[in-house]
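Chain by chain, the residues:
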Amino acid sequence: MNHLLRGLAANENLPPALVDRLIAVADDETADRLAVRPDLSHHQAVALAGRVEESAVRLAYEGRLTAADIDPRARPDVALALLDTGAGPAAWARRLAADPVVEHREKLAACPDLPPDVLDTLLTDPETRVVAEAALRAPAHVAARLAAHPRTEVRRAVAANDATPPSALASLLNGDGPPAPHHCPAREGEPPSREHGLTPGHDPAPDHASAPDHGLTPDHGPAPEPFWDGLHTCAAHELIRAALHNPATPAEAVTRFADHPSRLLRWPLAARRDLTPEAYETLARDPVPGIRAELAENPAIGDDVMRALADDACHDVRRALAGNPRVPFDVLTRLAGGTRTGTAPLPRIASASPAEIAALAASADPAVRMLAARRRDLPAGLLDALAADPDAKVAGAVASHPGLAEPRLRDLARRHGVQVIAGIAANPDATPALLAELVRRRPPARKALRAIAGHANATAPALLACLDDPEARVVAAGHPALPTQVITALVEGADHRSAEAAAANPSLPRAVMTELLPPAPAPAV
């Protein structure tokens, strides 16, 4: 029964009286569905929170509960959720800042817009992780002060805080002033752990046995290059990475890491948009394909770097370059033939002018014509021309586009058959008659059946034909045009996925909804 209750909870036509009955018997999963119903009343939300305690946090985040509904002493988790959404009173924050449960204080530290006195309390917390969580969101003047905190974990949080002043971030990278940012947790009396950034597969003991083993010199500064293996990381290493990722860190402070021996420290630079051309050229020659792929997506790199990356031996690098919104048009067309770029319009194609799109569509290369075919706003004449393309892949790329008349869609199906059927079935302008014809094709096109099963124009005969496919059946079971007797039969069937979808079908008769629910509990005497 639980799968049916989950379906009913998602049914938009479930009457309020039956919502009340469903709340009375809800389990955790059903409560999750009920919590997001747009018609859930405040009274029902309070009842649901009382019935399924775990749902109260979700309801608080959904805005269905208020501070008046919650006792912060009994439900600190819900109080924290309301504080996290800005709906909790400051008095709760002050109470929770002294809560004996560390996890509660840590969660509080992650809440936005805390009163200054609460933030001050959290920043003096005896637990480092609470202080670090507060440091991650501290305002600029507080973050600047915390940049000199004695704990690496706190300084790492400051390095990731985009409100931290650029000068403080540069100091964290440069090691200016005590304590040195390269201090390892083992030197601070903390046991090494995954929490401190150790990569899986590293043996913590050898990493912290001596400075050279974990890439740090005895004075806690960077070790000579031979000691960096490109993969090892510790809390100090993570601090540097956080600062390199932070867009507020000055470019002049990060550029020198472009040829650092550690790939983990070079990687963040590939996405930055404020580096020098020389730094980008260095990264374009990086031996790690992932770094070059990250760089290839960066719209800040120059044309020369893009042209060099277009000849990269790694397919992922070329695919990333094709997705760069500033890639030169001639480079993109050169990439088209040998690079898989997916089915969505590429950013450069999405911003192309009408003249550029027309030039692509007129290319002798079908891979280039496909670039134009992915645009969803093609003028009618160009759309029809691409739909008439002799290449099935080009024609298939426009088969799902709105704006194609029924004769054109039928012609597409006649000329290219199964290669374009799924696209035609997904076309919002496909008529009920056309959809009914598509489901009768033999052998059946499975992808087309699944598209038809969810199509707004699908009629009962087409939907009935979709029931023979296990995946399409699940989709069709929720379609409101499915005959009610079929919906009822699916609810009673052995396929739980289809039954759940049928229970959520807005055309499910109210009488059946009522039968699916356990009897209402008798009133208390």
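Our structure is the block above this text.
Bear in mind that the values here come from a model prediction, so they are computed numbers and not experimental data.

A. Just the packing of helix α34 (residues 484-491) against helix α35 (residues 496-503), in detail. Look at α34 against α35: their axes get within 7 Å of each other, and the N-to-C directions meet at 135 degrees. Overall, the two elements α34 and α35 adopt an arrangement that is oblique. Classified by chirality, the crossing of α35 by α34 is left-handed. Contact with α34, carried on its side by Ile487, Leu490 and Val491, involves Ser498, Ala499, Ala502 and Ala503 of α35 and no other residues of that element. For the contact of α34 with α35, the per-class residue count stands at six nonpolar, one polar and no charged.

B. Main features of unusual backbone geometry. A positive phi angle, near 55 degrees, is found at Asp113, a position not held by glycine. On the secondary structure map, Asp113 appears in the loop between α8 (102-109) and α9 (116-123).

C. Summary view of helix α6 (residues 76-84). Most of α6 is tucked away, with seven of its nine residues classed as buried. Those residues of α6 that sit buried are Pro76, Val78, Ala79, Leu80, Ala81, Leu82 and Leu83. Considering only its buried residues, α6 is in contact with α5 (55-61), α7 (90-96) and α8. Where α6 ends, the next residue or the one after it, Gly86, has phi of about 80 degrees, a positive value.

D. Structural detail: the environment of Pro15. Within the secondary structure, Pro15 sits in the loop between α1 (2-9) and α2 (16-25). Taking C-alpha positions, Pro15 is 8.2 Å from Arg510, a pair spaced 495 residues apart along the chain. In this structure, Pro15 is in contact with Arg510 and Met513, ignoring residues within four places of it in sequence.

E. The arrangement of the environment of Val118 in detail. With respect to the helices and strands, Val118 occurs in helix α9. Setting aside chain neighbours within four positions, we find Val118 in contact with Ala93, Arg94, Ala97 and Leu108.

Cut-offs applied
Residues numbered from 1 in each chain as written. Predicted model: local features only at pLDDT ≥ 70, side-chain atom pairs only at ≥ 80, totals over all residues. Heavy atoms only, no water. Axes fitted to C-alpha atoms, helices over the stretch in contact; angles between N-to-C directions. Helix = DSSP H or I, 4+ residues; strand = E, 2+ residues; numbered from the N terminus. Parallel < 35°, antiparallel > 145°, perpendicular 65-115°, else oblique. Left-handed = near helix turned anticlockwise from the far one by under 90°. Contact = heavy atoms within 4.5 Å. Nonpolar A, V, L, I, M, F, W, Y, C, P; charged D, E, K, R; others polar. Buried < 20%, exposed > 50% of the residue type's maximum accessible area, 1.4 Å probe, protein only.

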